[in-house]
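# Chains, contacts and geometry: an overview
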Amino acid sequence: MATEATVGMAKSVVVKLSDVVGERTKQVGSAMQEPHRQRRLILVIVCVALLLDNMLYMVIVPIMPDYLESLQSKARASQAPKETNSSFSNVTRGILRPRYPAENEDIKLGVLFASKAILQLLVNPLTGTFIDRVGYDIPLLIGLTVMFISTIIFAFAENYATLFVARSLQGLGSAFADTSGIAMIADKYTEEAERRKALGIALAFISFGSLVAPPFGGILYEFAGNRMPFIVLASICLLDGVLLLTVIKPFTNRTRENMPVGTPIYRLMIDPYIAVVAGALTTCNIPLAFLEPTIAGWMKQTMNATEWEMGLTWLPAFFPHVLGVYITVKLAAKYPNYQWFYGALGMVIIGASSCTVPACRNFGQLILPLCGICFGIALVDTALLPTLAFLVDLRHTSVYGSVYAIADISYSVAYALGPIVAGQVVHTLGFVQLNLGMGLANVLYAPTLIILRYVCQMKPSYSERNVLLDEGPKGLYDTIKMEERNAKKKRFDTEENSLEAHRRQLADRSYSEDDSSGPEYN
């Protein structure tokens, strides 16, 4: 009997615990579906995806040269005759040098680094249209899935061809994840101040991923093996995908049914204002894209830099980048009509900093211009990325997949050319000429952002934006005309009301005069 009573009590306790857990789960689920909290969770998911993408892009920089050399050594060891155990041991340890020339190795590395950006550049026009058709959540899940697969392939690759496939797949995943993530932030944060702040946070994660990835990858590669950096990043990618499925539930979400049809990407590309912004994004990222594959060799030749100095070259620049994001968000909140000026100022800072890089003679001096480049990039990106969404709201339909695909194309152009073209320019013209050319390009392009001056002064209200969505894509001319019509109608209604009030006043006065004169007349 005692045993049965104990079992009954245990069952009741289990039932109560399950009820409590179920109730807590329902509360957590309802809290996650609350719009304000869901918007914050979406921002976290997108920021983690952007962090992963940029860490995957940069983590192979310190790893890949030695990784390729070890793969070549293993391949030669499997083909070479095993004469003695000692010779076999030497080969497997990578003591033998590669038989192909160093120049050939540099070309292979450059093509491997650029393959991500090249495929991303080719696929982005298609992904932008796809995102506009199906929404933002499913493409983000596709991007995370492809990035997870490419990272796993990187971890277990055994030859150059497999590494090339993994790197290219990463570009495909980035084309989905980056574009849909940034577009989702622009869609969820409709107020300009909140949108700038959210996109600024996303840019901070992008910067952190790009700058912390080389030391992260180098340390794990040195002490935990060549697979560990990719396994860690793949695990984070998997967790982010699970969180996306839990919070957004992309396959049961019906928000796409209420979205209007987005403006085709080719029409956005020929919009002069969007074209100016895209050109600025490409130009301002060229110094970073061209210096990353060339600055380590220049530091080795000119200042006899150590390995840790070359590995930590860009890490101090993370802090001025975050500072630039913070300053731009604060200035834009107080003076929103000067977005174009913040971008132009950032390009001038980038140009001046790029021109001073060749004058540095030690690691401490080099930190300053690199910090200036990243600070300027923060100004340009934080000012112009929200401007793209604003231009779409003002001149087209408020669907953001295609316009941020154009932004991703702008970045991809710079990073596709960097690993391939930069080395050839340095070899042909020299490192000094490369930096002077990049600096001059940024300074000369900065004045073109004045074109955005009048557009940034126009702030359509929320009701006008809904009218634009209902009527379809409208241009700047139509928006101005609509504002003029609204102003005229408001002025006409005011005048009509004042005339009506004046008529009533005259009528009341006439009635009172007639009423007061009546007894005297009688």
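For the structure itself, look to the data block above.
The numbering scheme is per chain: residues are counted from 1 as the chain's sequence reads. Local features in this predicted model are restricted to residues whose pLDDT is 70 or higher, and side-chain atom pairs enter the listing and the counts only when it is 80 or higher, whereas totals over whole chains, interfaces and linings include all residues. Excluded from the side-chain calculation are hydrogens and water; included are all heavy atoms of the structure.

## Considerations on the overall build of the protein
- In DSSP terms, a helix is any run of H or I states spanning at least four residues, a strand is any run of E spanning at least two, and both are numbered starting from the N terminus. Assigned secondary structure in the protein consists of 21 helices and zero strands.
- Buried, partly exposed and exposed residues are distinguished by accessible area as a fraction of the type maximum, computed with a 1.4 Å probe on protein chains only: under 20%, between the cut-offs, and over 50%, respectively. For the protein, the residues scored as buried account for 47% of the 522 residues in total.
- Contacts between residues were defined by any pair of non-hydrogen atoms, one from each residue, lying within 4.5 Å. Within the protein, counting contacts between residues at least 6 apart in sequence, those at least 24 apart form 84% of the total.
- All accessibility values rest on the Shrake-Rupley procedure with a 1.4 Å probe; residue burial counts only the protein chains present in the view. By element, 64% of the accessible surface of the protein is carried by carbon and sulfur atoms, the whole surface being about 26000 Å².

## Quick look at helix H18 (residues 431-445)
- In this analysis, the expected span of each helix is defined as 1.5 Å times one less than the number of residues it contains. Over its 15 residues, H18 extends 22 Å from the first C-alpha to the last, a length consistent with the 21 Å expected when each residue adds 1.5 Å.
- Of all the positions in H18, only Phe 431, Leu 434, Asn 435, Met 438, Gly 439, Asn 442 and Tyr 445 are classed as buried. With its buried residues spanning 140° around the axis, H18 presents them on a single face.
- Next to the buried residues of H18 lie helix H11 (272-291), helix H12 (295-302), helix H15 (339-356) and helix H17 (401-428). The arc refers to the directions leading from the helix axis to the C-beta atoms.

## Looking at the environment of Gly 181
- As for its position among the elements, Gly 181 is in helix H7 (residues 160-188).
- For the pair Gly 181 and Asp 137, spaced 44 residues apart in sequence, the C-alpha to C-alpha distance is 8.2 Å.

## Focus on the nonpolar core
- Take the buried residues of types Ala, Val, Leu, Ile, Met, Phe, Trp, Tyr and Cys, join any two whose side-chain atoms come within 4.5 Å, and each joined set is a nonpolar core. Among the nonpolar cores identified, the biggest contains 124 residues, and Leu 281, Met 299, Leu 385, Leu 388, Tyr 400 and Tyr 404 are the most heavily contacted of them.
- Ranked by the residues each element gives to this core, the list is headed by helix H16 (residues 363-395), at 17 residues.
- Leaving out residues up to four positions away in the same chain, Leu 388 has contacts with Ile 274, Val 277, Leu 281, Val 403, Tyr 404 and Ala 407.

## Considerations on the side chain of Ser 180
- Residue position: Ser 180 is located in helix H7.
- Sequence-distant contacts of Ser 180, that is, excluding residues within four places in its chain, are made with Ile 131, Tyr 136, Pro 139 and Leu 140.

## Notes on the packing of helix H8 (residues 192-224) against helix H14 (residues 318-334)
- As a packed pair, H8 and H14 sit with axes 9 Å apart at the nearest point and diverge in direction by 170°. Relative to H14, H8 is oriented roughly antiparallel. Where H8 abuts H14, its residues Arg 196, Lys 197, Gly 200, Leu 203, Ala 204, Ser 207, Phe 208 and Leu 211 lie against Phe 318, His 321, Val 322, Val 325, Val 329, Ala 332 and Ala 333.
- Of the residues that constitute the contact of H8 with H14, the class distribution is 10 nonpolar, three polar and two charged. Between the N-to-C directions of two axes lies an angle of 0 to 180 degrees, each axis being a line fitted to C-alpha atoms and, for a helix, fitted only over the stretch in contact. Oblique is the label for every angle not falling under 35 degrees (roughly parallel), over 145 degrees (roughly antiparallel), or within 65 to 115 degrees (roughly perpendicular). Charged means Asp, Glu, Lys or Arg here, nonpolar means Ala, Val, Leu, Ile, Met, Phe, Trp, Tyr, Cys or Pro, and polar covers whatever is left, Gly included.

## Some details on the packing of H15 against H16
- Two elements in contact, H15 and H16, have axes separated by 8 Å at closest approach and are oriented at 155°. Classified by the angle between their axes, H15 and H16 sit roughly antiparallel to one another. Crossing handedness for the pair H15 and H16: left-handed. Facing H15, whose interface residues are Gln 339, Tyr 342, Gly 343, Leu 345, Gly 346, Met 347, Ile 349, Ile 350, Ser 353, Ser 354 and Thr 356, H16 presents Pro 369, Gly 372, Ile 373, Phe 375, Gly 376, Ile 377, Leu 379, Val 380, Ala 383 and Thr 387.
- Split into classes, the residues belonging to the contact of H15 with H16 amount to 12 nonpolar, nine polar and no charged. With the far helix as reference, a near helix turned anticlockwise by less than a right angle produces a left-handed crossing, and one turned clockwise produces a right-handed crossing.

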